[in-house]
Each structure stands twice: as structure tokens, then as C-alpha cells.
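The lines below spell out each chain.
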Amino acid sequence: MAGPLADLRILDLTEYIAGPYATKLLADFGAEVIKIESPRGDIARDLGPFPGDVPHREKSGTFFYFNTNKRSVVLDLKTPEGRVAFLSLVDTVDAVVEGFQPGTLDSLGIGWEVIHARRPDLPLISITNFGQTGPYRNYTANELTMYAYAGEMYTMGIRERAPVTMYGTAALVESGSAAACAIYAAIRASQEQAIGQHVDFAISDSHFGGADRRHVGPIVYEFSKRRTTRPPMGTRPILSGVYPCADGYVEFTGAGTRWDRFQAMLGDPEWAADPKWRQPGAMMNPDLKDEFDALFYGWLYEHTKREVWAKAREARVLCGPLFSIDELSADEHFRSRGFWERISHPELGEVETPGRPLAMPDCPWELRRPAPLLGQHNAEVLAEVAGSVKAPRQRDSAATVRLPLEGMRVIDLCVVWAGPFSTMLLADLGAEVIKVENPFLMQPMTRGSIARPSKELLGRLAPAAGGYPNNEPGPRAWNYNPTFVSLYRNKKSVTMDLRTKEGLELFGRLVATADVVIENNATETMEKLGITYEWLKERKPDIVMMRIPAYGSAGEYAQARALGVHLESVMGHTLLRGYPDLDPSNNTAIFSGDYVAGTQTALAAMMAIRHRDRTGRGQKIELAQAENASAMMSHAFMDYSINGRVQERRGNRSVFDFAPWGVYPTIGGSAEAAEDHWIAITVSTDDEWKALVHEMGDPAWANDPALATNAGRLACHDELDQRISLWTAGFEDYDLFHRLQAAGVTAAPVVEASRAHDDPQVIDRGSYQSQTLFDGIGPYRFTTPFFHFPETPITVRNPPVALGQHNDYVYREVIGVTEEEYDHYKELGYVAMDFVASIP
């Protein structure tokens, strides 16, 4: 069966990670992606892992992973012949994607104006570090500096050390996943409305919009003026974090809040029956920590991580083992699900890689061809040009311009982050997203964990959980939870009780009007409610159902409860990130897999609707979050596949072994007050090293001939870090940032959340916008959509939605209930804007 994008052709002029990952996703789902490379090729061809660590431009594991299913054409765009060939290809495609510095295509005479004049219906998507506008538009960036500037790096790690990044290129994979949504949405606008537009996708915008919780810190500060700091070493609440066991480590989250489950996991030992462990606040009581650890550690050291996890799954405790890449490769759950794929490459031989990011049974993902050799397809692609010119679609000048997804209705049954993030992206792009909520049941960790927290309790909670507006619960606290309120813009909310026969009948009437239903609850939740795919199809035969389970709905781990942090552990990320000289219990919990799952759920929903519109068939799609997160660790997976090597933690150092590469102190204040300042500096070429040495004042030590090469610098990385730290400590971080960028050195400040709103690039890009919440709470500055579509503007049409805010609209206009019925549902309590009083 063909993939959902099988009739699309895309020109790909991107390099490295973010752009190629975006186009890889589209290619893997059927699009014909023609990769245009310069005679020197994509820079990723020069990056490992290589077999035996011997560099070879056709044996790069990095290039291989991010360029499957593409064809390579070499064109020298600096020559007239190259430009003519490029424009002839433009006549045959549905989109052009590029990743050059802003203005590059214009300088070559083949920029947006030229493309648009030739193909008025064709979208050009530019994927750049900071976007086409703003004071930083020409600044350079990479995975470390971008995550420092726009991501969540500041809170990662421990207070006594520098902030620490995610593993490898994970942050750029997140942005590439989001860029794929932008590319397809632009194509949809082109094909349905004959609208060609120059889409401006900035990696920095997409990071501020949520790369590993980045959306949370700024709104917490806006609400409460509270800052999130790195924790001191060795401090954590009881039963939250990484614990050692007989053969490694396991990660728990909030197990003490459900002591009955935790007690069952332990086998009901006598000590666990003591009432003191069930007292409110017991898990945050430092006087109990030593006693608890002594008891719990004894049990842990008697069990392997797989045994601990098996008992946790049985007791429904949030837990995950810390697997290494080799353990994951051999794991029977993922093997039995067919997650791994093998394919032969002419230079690398047979290679095994992580496979599908999600399962679309009616139009599946397929690994059709390995990554191409440089220029492998020049002859065949250029020969096709003459016979495949696309006649430009004609735009109806009288037609009203619509958002790309306008007319699509999505029912949101999602919880926590990955699901709500996906539906927010669909809503941003124009879909009508109706969130169905139950006023009799508060979904955990979604609109908060407590419906009516006291002001005293808010002060005891971490900022992300307790940083409510003005540090007050407010009249309806569930509408202002800081962690997730940013995920509810542009949506509608309706309340009904799906646990009852009447509520289920109402929901069925809503389903009959919808295109997509998305849910990411615990695996059995929908089945318990009776909301299966078969049930949905009875109400709407061509419905698309998107399920986002943690580990899939089949296999040994299907019933495992998980948050993003547990997925990170199981998929190898927790062992790969953090300080090399400390054990992983000093890692900060992260949830980066939620971002990738959210963006790819949105992409899958769009692709499935495209398939339905062409075939009349809906389908049930499953995105197993653990499998989906594997792309973020692609370098480690490829190194294991090619070399049999299990990578270890590198801290802030480059997975490509560039040096120096790290995070260094600058003038600042106390880390306890979140006033310490840092700068990320990276050197990937000898010329960049020369520029850095010049900016440091050409000290004698830096002119040692041994440091003239990357190999020499890598050999003394520790000493370089110490010397660079002494130098950076005398500068303000932003001053040094601009100075180094002007000199040609890639650098960026580690931006703590409270400083994000005042950054000149952020202000210029409009990355935050003031909004007033329901009940007149505000105004506060929230993140804005990171899709910049000039002809179909993606804006904040509605601020974060309140519980039940659109009951009248959904019940009366969408479902079509009578006034008598509506009054009846009000009496039953289905129609409400408040959770019932019995919910604390």
C-alpha cells in the first residue's frame, strides 16, 4: 500500500539535522523527496558515526538516518547551469524546502520572488536558526547553542554545576518534527486554495514554543514571578527520581501520592503499613527521607530493573527502567512489535535502524530505499523533468482565504502534554478542536492535580505546579494551571460525563460531526468507556482515530503507565544525558518525547485526512511514544548498529567530537535565586578556533600548534574548558554572545525563563502575546504559534480555553440538542464550568 503522501514531490535544499528530519518524515510516508546537494554534499556526510571511526562521506550514520527514502541530485547553484536546472525542477514539485542563511537564495537569483513568479501556487518553506527577520537572523546556531538560548537548558542539571543539555541532536529533532507539520500544512493550502507562500520556520521559535517544557517557565514567571532553579545535588522528593537497583537504575514519579499502589508493588511489607507514610506531605518531609531510603533501597537492591518495572506495571505505579542502547536493541517488546528495520546500503552494507515513528495501517510508513549516495540520482531525476511539469493552480481571487486546516473538526480526549500539544498545533493551523472534559472527574496532571488548591499549598509546590496568577488559586484554579494552560489556546471546551449511558450517547452525536478523535490516556481507558474504534466507526464510518499510548497497545509493556520522563529512561535517553562523572540520579526529569509525539500526532492526523479525502476511508492510527522518541537518540542507535558501541554520557560535549564545545560561566548572581548566567560556545572548524582565540586576546597558551587541529583540541578538552571559563567569567553573557557571533563563533546565552520575554529577537518575532484568561485573569504574555504563514496567518484566535466555555455552542449548534434536552443535561451536571464540589 502506498503512503499517504505518495503523489507529492518535494525539493529539499536543507542540511544537517532539523530540515532533513522534516523532509525524511514526509519521504518515509510516501512523498518523493529530491535532495539538492552542492558538489561538496550535505555537511552531515562529514559527520559520524563511521564504521571503525574512519571518516567516509558515503558511510555517515548521521546522514544515513536523516535521509532515507530520498534521491540525491548535485547542483552547483552558483553556476548558471545549476540555477537553470533548479528552476526546471521547481516546475515539477509541490513544495520547496530550504535551510540557507536568510537572503542566500535571493543572492543567487533564485529566491522567493523568482519562484513565486514562476509558480504562484508553490510554497517555499525556509527552515533557519532564528528566522527570516529580527536582529539575530544571520546568527549561527547548533543543537547546543539553540537549546541554551531557546530551550529549557537553564533548569537542567544541578545547582552546583553548569546547566546541561539533552543528548546529541535531540533538540534539533524536535524542531524538525515540527517543521514537517509546517511543510505539509503549506502544501495543503497550496493544493486546496492555490496559495503559494513563503513560510518562515525558525528553529528558535519552535524551541520557545515547547522544546522540553520551554513554554512553561515564562508563563510561570508571568503569573507568579517565581523562577525555576536547578535543584541542589542530592535533593529530591521521596519516590520521585532515579533510584539504583540490583543491576542498574529505575525512575519513579510521584509514587508516594498513591501509597496503596506503591505498597502493593513492594508486596505489602509491614513497615509500609505505618500510617505516617500516608500523612499529607509525608513524601516531602526531609525528616523521613533517610528512614524511607534505608527501607526502600533494601528492596530495590534485591530486584533487577526489569523485576522492579514488572511489579510497578502490575501495581500501576509510574516507573521506567533506565535501559542502555544494547538492552533496548535486544528487548523483546520492541522486537515483537516490528519496530526495528533492516536495509542494505551500497557502502555501509546491511544496517539496522529504528523503524516507523507511528503505525498508519491503511497508508503505512515504508523504508523503500536507503539514504542516497552523493548525486546518485542526477541522471534519472533530470531526465524526468521535461515530462512532469505541473501546471500552476489558479487561485480564485474572490474566494475567502482559509487557514490550512479550516473545516476540519478534531475531538480532543487528551491528557497531560503530548496529546494536548498535538491538538493545539492542529488548532493553530485552523482546525476546530473541541476538548471534551468531565466535570465529575479531574484528569490528572492536565488542568492541574488539585481542583481547589489552597494558597499555602501553591507555595509548597514547585513553580511549574504552583505558580498560579498572583500566587492565588483564583476563582477557578483549573483554568490557570501554569504547566498546561499554554496548551489550550485556539480550542473549544465542552463538558459531558462519558462514564454514563446518556453522556456516551451525547458524545456519539458529537463524533458524527467530527473528522478526527485523538486520545493519549492509559491504554485501557477508552475500552473501559466503550469508546473503541469500532464504536466510533458506527457513528462516523470514515472517522480517523489517533491513539498515543506510551509503549503501544500490544506487547509486554502495553499496560505500563508512563509520563515522558519514563519514556526517556526506557529509550536510553536518561543514561545518555547528564554529567559524565555523576550517576543518573543527578539528572533533571525531562519530557522531550512529548514534543516529538505531539508534532507527529498532528502530522499523522493531517496525513490521514488527506488519505480519507482521496479514498473515503478513515483508520485507527497508533503512535507509541517510546518508539516515536527514538529519533532523538539516532546518533547512539546508529553507532550501535554500525560499530556495536554503547555510548555513554558526554554532558555538554559534542557527539561529533568537536572541541571546544561547552557551557561556560559569565557575570551573574546566585544560582539559588536563578541569577547565575552562562554561555554556550562551540567550535566546529579550525577557522572558528582562530576567531575565538583572537577574541580571547591571542593568549600564548591558545597559540600552541597542537591546538590548531580539532584532534589536538579534543585531546585536551578539559584544560580548554578551564581556560575558556576563566575568560568568559569576566563578561556579561549577552555582550559576549553578540561579540562572538560577530567574530564568526557560534555562541548563545543560556536564557533563564524570566529573561525570555525581553530578548530582542523574541520581541521582534512576536514570540509572546498578551492574553486575558476567562474570569478576567490577566493580561499575561503567552507563547504564540511558531508557524509563520504570511498568506494564511497562524495567530492566537482564542486565549487558553476555560472548562466548559463552549457548552452552549457545542450542545446547541454542533450536536443540535433541544432546549428541553439542554436543560436536562444542565440538571444532570453535564453542562458545567466548574468541577463538582466533591473534587478537592
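Whatever comes next refers back to the structure up there.
Residues numbered from 1 in each chain as written. Predicted model: local features only at pLDDT ≥ 70, side-chain atom pairs only at ≥ 80, totals over all residues. Heavy atoms only, no water.

A few words now on the overall build of the protein chain. Looking only at helices and strands, the protein chain features 33 helices and 22 strands. On C-alpha atoms alone, the protein chain measures out to a radius of gyration of 26 Å, which is about the 28 Å that the 2.2 N^0.38 rule sets for 840 residues. In terms of overall dimensions, the protein chain has C-alpha extents of about 75 × 65 × 50 Å along its principal axes. Contacts in the protein chain between residues far apart in sequence, at least 24 positions, make up 76% of those at least 6 positions apart. With 83 positive and 110 negative side-chain charges, the protein chain shows a separation of 3 Å between the mean positions of the two kinds. (Helix = DSSP H or I, 4+ residues; strand = E, 2+ residues; numbered from the N terminus. Rg over C-alpha atoms; globule rule 2.2 N^0.38 Å. Contact = heavy atoms within 4.5 Å. Lys, Arg positive; Asp, Glu negative; His and termini not counted. Charge placed at Lys NZ, Arg CZ, Asp CG, Glu CD.)

Tallying each qualifying case throughout the model produces 74 salt bridges. Across the pair E352 and R342 runs a salt bridge whose closest N-O atoms are separated by 3.4 Å. With E352 in strand β11 (residues 349–354) and R342 in strand β10 (residues 340–345), the pair connects residues that are 10 residues apart, well separated along the chain. The buried category is assigned to E352, whose relative accessible area is 14%. The closest approach of N and O atoms between R409 and E432, which form a salt bridge, is 2.5 Å. Note that R409 is positioned in strand β12 (residues 409–412) and E432 in strand β13 (residues 432–437), a separation of 23 residues in sequence. Like R409, the residue E432 is buried in the burial classification. (Salt bridge = Lys/Arg side-chain N within 4 Å of Asp/Glu carboxyl O. Buried < 20%, exposed > 50% of the residue type's maximum accessible area, 1.4 Å probe, protein only.)

Time to look at the sheet that holds strand β9 (residues 319–321). Across the sheet, which stays open at both edges, the three strands sit in the order β7-β8-β9 with antiparallel pairing between neighbours. Strand pairing shows two members of the sheet lacking a second neighbour, β7 (241–245) and β9, which therefore form its edges. Strand after strand, the sheet turns through a mean of 30 degrees between neighbouring axes, direction not considered. Sitting on the sheet, helix α11 (residues 286–300) touches β7 and β8 (248–252), and the angle it makes with β7 is about 55 degrees. Seen against the sheet, helix α12 (residues 305–315) touches β7, β8 and β9 and runs at an angle of roughly 160 degrees to β9. (Pairing = 2+ DSSP bridges. Axes fitted to C-alpha atoms, helices over the stretch in contact; angles between N-to-C directions.)

Two elements in contact, helix α7 (residues 170–193) and helix α24 (residues 592–615), have axes whose closest approach is 8 Å; the angle formed by their N-to-C orientations is 25 degrees. Looking at the two axes, α7 sits roughly parallel to α24. Every pair of crossing elements has a handedness; the one defined by α7 and α24 is left-handed. Contacts from E174, S175, S177, A178, A180, C181, Y184, A185, R188 and Q191 in α7 reach S592, Y595, V596, T599, Q600, A602, L603, M606, I609, R610, D613 and R614 in α24. Class assignment of the residues belonging to the contact of α7 with α24 gives a composition of 11 nonpolar, six polar and five charged. (Parallel < 35°, antiparallel > 145°, perpendicular 65-115°, else oblique. Left-handed = near helix turned anticlockwise from the far one by under 90°. Nonpolar A, V, L, I, M, F, W, Y, C, P; charged D, E, K, R; others polar.)

On to the nonpolar core. In this structure, Y149, F252 and F296 are the most contacted members of the largest nonpolar core, which totals 200 residues. Among the elements that take part in this core, α7 stands out by supplying 14 residues, more than any other. Not counting residues up to four positions away in its chain, the partners in contact with Y149 are F130, Y136, S204, F208, R214, Y734, A748, P749, V751, D759, Q761 and V762. F507, W535, I815 and Y825 belong to the second-largest nonpolar core, a separate cluster that totals 30 residues. (Core = buried A, V, L, I, M, F, W, Y, C linked by side-chain atoms within 4.5 Å.)

The geometry of an aromatic ring pair comes down to the distance between the two centres and the angle between the two planes. Applying the stated criterion to the full structure yields 52 aromatic pairs. Between W478 and F835, the aromatic rings sit 5.3 Å apart at their centres with planes inclined by 85 degrees, giving edge-to-face as the arrangement. Residue W478 is located in the loop between α18 (463–466) and β14 (491–495), and its partner F835 is located in the segment after α33 (819–828); the two are separated by 357 residues in the primary sequence. Overall, the relative accessible area of 4% leaves F835 in the buried class. R45 extends its terminal NZ or CZ atom over the ring of F63, reaching a point 3.8 Å from the ring centre. (Phe/Tyr/Trp six-rings, centres within 6.5 Å; stacked < 30°, edge-to-face > 60°. Lys NZ or Arg CZ within 6 Å of the ring centre and 35° of its normal.)

Counting buried positions along strand β2 (residues 32–37) gives five out of six residues, so the element sits mostly inside the fold. Bridging between strand β1 (residues 9–13) and β2 involves four bridges; their strand directions are parallel. By the bridge assignment for β2, D12 is matched with K35. Running through helix α1 (residues 18–28), the crossover from β1 to the neighbouring parallel element β2 is right-handed. For β2 and strand β3 (residues 70–74), the ladder comprises five bridges, and the chain directions are parallel. Paired with I34 across the two strands is R71, which belongs to β3. (Right-handed = clockwise from strand over helix to strand, strands pointing away.)

Turning to helix α19 (residues 501–511), its buried residues are G503, L504, L506, F507, G508, L510 and V511. At its buried positions, α19 is contacted by β12, β13, α20 (525–529), α21 (533–539), α32 (807–815) and α33.

Let us now look at unusual backbone geometry. Omega for the bond connecting G48 with P49 falls within 30 degrees of zero, at 5 degrees, which places this linkage in the cis form. Along the chain, P49 falls in the loop between β2 and α2 (61–66). Following A659, the chain continues into P660 via a peptide bond in cis, with omega recorded as -5 degrees. The topology assignment puts P660 in the loop between α26 (634–643) and β18 (661–666). The backbone phi angle of D212 is positive, close to 50 degrees, even though this residue is not glycine. Looking at the secondary structure, you find D212 in the loop between α8 (203–208) and α9 (216–224). Located in the positive-phi region is M445, a residue other than glycine, with phi close to 55 degrees. Its location among the elements puts M445 in the loop between β13 and α17 (455–460). For M445, a relative accessible area of 31% puts it in the partly exposed group.

Turning next to the state of the cysteines. Here the structure, examined in full by the defined rule, presents zero disulfides. Lacking any disulfide linkage, C181 is separated from the closest cysteine sulfur, that of C414, by 14 Å. Taking relative accessible area as the criterion, C181 reaches 0% and is therefore assigned buried. (Disulfide = S-S within 2.5 Å.)

Once that is clear, we can look at the packing of α19 against α32. The description of two packed helices rests on the angle between their axes and on the distance between the axes. Taken N-terminus to C-terminus, the directions of α19 and α32 make an angle of 65 degrees; their axes are 10 Å apart at the nearest point. Pair α19 / α32 crosses with left-handed handedness. Across the interface between the two elements, L506, R509 and L510 of α19 pack against V810, Y811, V814 and I815 of α32. Residue composition of the contact of α19 with α32, grouped by class: six nonpolar, no polar and one charged.

A separate point is the pairing of β12. The side-chain alternation of β12 yields two buried faces, one formed by R409 and I411 and the other by V410 and D412. Relative to β13, β12 is paired through four bridges, and the arrangement is parallel. Across the sheet, the residue bridging to I411 is I434, located in β13. Of the crossover connections in this fold, the one passing from β12 over helix α16 (residues 418–428) to the parallel β13 is right-handed. Inspection of the sheet shows β12 paired to strand β15 (residues 516–519) by three bridges, in the parallel sense. Bridging across to β15, V410 finds its partner in V516.

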